[in-house]
Every structure is written in C-alpha cells, then in structure tokens.
Amino acid sequence: MLISQALKYNSTLVTLHLKVNVIGDKGAYFLSEALKLNNALSTLNLYSNIIGPEGAMFIGELLKSNATLTCINLSCNKIGDKGALFIGESLKLNSTLTTLSLNNTDLRDDGASFISEILKMNNNLTALNMEYNKIEADTKSKIKSMLWTGTLKI
C-alpha cells in the first residue's frame, strides 16, 4: 500500500479521509504499521472499508502506541464485538484519542458494554458514537447511566 509508505515519513498531513476505499483487514495492517511511526496525523477516517475484527486488532495496536491521533472513525465496518474488545483494550493505554465513531459496526451488547466500561479508565475520550448497532434497550440504558461527562450516542 503506497499511502502507508508515505505516511511513515510524513510530518505535515494532519487529517486523512480514506472512506469507502475497500482497505480491508490487510490494508488496516499496513496503515496501522505506518502510523506507528507517524507523529503528525490527528484525524483518521476509515468509514466503510470492510474492516473486520482482525483489522480492528491492528488499529487497536496502533492506538496503544500512537500519541497524535485524536479522532478515528471506524463507522460502517464490521468489527463486531471481537473488534470492540481490541479497540477497548487500546483505550486503556491511549491518552490522546478524544473522538471515536463506531456507528453501524455490528456491535452487540457485549462489545458496547466493554467499550463503555473502559470509559471509567479513560479520561480523554470525550465523544463516543455507537449508533445503529444491535444493542438492546436495557444495555443502552445501562451505558447511558454510567458516570461519564462526554458525548455519547447509542
């Protein structure tokens, strides 16, 4: 992936929109590896790129070490509950991400609950969007009742 090679050494690009590019899990791997070395990019939009749980694992690994990303959009991918576990684990260590969009990502009760529990440990995330997933009403109520001051959409 040529763009991932360029991102390794880029020091000026701060926003990257790659929505609807069929990146998939393999592309998520190359992109994540490149962004581990990048110290400029703050916004990454990966909307609708057929990224599954494996790709979410690579992105989760990126988020554990990246110190510049503040916003990531993974909406309309199929990361599911398994992918949510990888993203959630990374939020335990990440101190820069403020906005996370997980709209329509096949999240169910377990994945949404896990991400929400992480909010107790992560004080930096101020906006979380998990709309249009398969989350039951009682789980939504539980998540909404959690003590968190950020913007939550479920």
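In this report, we go over the structure that sits alongside the text. (Residues numbered from 1 in each chain as written. Predicted model: local features only at pLDDT ≥ 70, side-chain atom pairs only at ≥ 80, totals over all residues. Heavy atoms only, no water.)

## Some remarks on unusual backbone geometry
In step 1: Phi is positive for Val 22, close to 55 degrees, though the residue is something other than glycine.
In step 2: Turning to its location among the elements, Val 22 is positioned in the loop between β1 (15-17) and α2 (24-35).
In step 3: Given a relative accessible area of 60%, Val 22 falls into the exposed group.
In step 4: One non-glycine residue, Tyr 132, lies in positive phi territory at about 60 degrees.
In step 5: With respect to the helices and strands, Tyr 132 occurs in the loop between β5 (127-129) and α6 (137-145). (Helix = DSSP H or I, 4+ residues; strand = E, 2+ residues; numbered from the N terminus. Buried < 20%, exposed > 50% of the residue type's maximum accessible area, 1.4 Å probe, protein only.)

## Describing the packing of aromatic side chains
In step 1: Enumeration according to the criterion identifies two aromatic pairs in this entry.
In step 2: Between Tyr 29 and Phe 30, the ring centres sit 5.2 Å apart and the planes meet at 70 degrees, which makes this aromatic pair edge-to-face.
In step 3: By relative accessible area, Tyr 29 is classed as partly exposed at 34%.
In step 4: Using a relative accessible area of 35% as the deciding quantity, one classes Phe 30 as partly exposed.
In step 5: Relative to Phe 58, the ring of Tyr 29 has its centre 5.1 Å away and its plane inclined at 70 degrees; by these criteria the two rings are edge-to-face. Of this pair, Tyr 29 sits in helix α2 while Phe 58 sits in helix α3 (residues 53-65), and the two are 29 residues apart along the sequence.
In step 6: A relative accessible area of 17% places Phe 58 in the buried class. (Phe/Tyr/Trp six-rings, centres within 6.5 Å; stacked < 30°, edge-to-face > 60°.)

## Here we look at the packing of α2 against α3
In step 1: Relative orientation of the contacting elements α2 and α3 amounts to 5 degrees, with a least axis distance of 8 Å. On the basis of their axis angle, the class for α2 and α3 is roughly parallel. Mapping the contact onto sequence places Asp 25, Ala 28, Tyr 29, Ser 32 and Leu 35 in α2 and Glu 54, Gly 55, Phe 58, Ile 59 and Leu 62 in α3.
In step 2: Here the residues of the contact of α2 with α3 are counted per class, giving six nonpolar, two polar and two charged. (Axes fitted to C-alpha atoms, helices over the stretch in contact; angles between N-to-C directions. Parallel < 35°, antiparallel > 145°, perpendicular 65-115°, else oblique. Contact = heavy atoms within 4.5 Å. Nonpolar A, V, L, I, M, F, W, Y, C, P; charged D, E, K, R; others polar.)

## Focus: the environment of Gly 52
In step 1: Looking at the element boundaries, Gly 52 is found in the loop between β2 (43-45) and α3.
In step 2: On the basis of relative accessible area, Gly 52 is assigned to the buried category, the value being 9%.

## Topic: the packing of helix α4 (residues 80-93) against helix α5 (residues 109-118)
Helix-helix packing: each pair is described by the crossing angle between the helix axes and the interaxial distance.
In step 1: Contact geometry for α4 and α5: axes closest at 8 Å, N-to-C directions at 5 degrees. The angle between α4 and α5 falls in the class roughly parallel. Across the interface between the two elements, Asp 81, Ala 84, Leu 85, Ile 87, Gly 88, Glu 89, Leu 91 and Lys 92 of α4 pack against Asp 110, Gly 111, Ala 112, Phe 114, Ile 115 and Ile 118 of α5.
In step 2: For the contact of α4 with α5, the per-class residue count stands at eight nonpolar, two polar and four charged.

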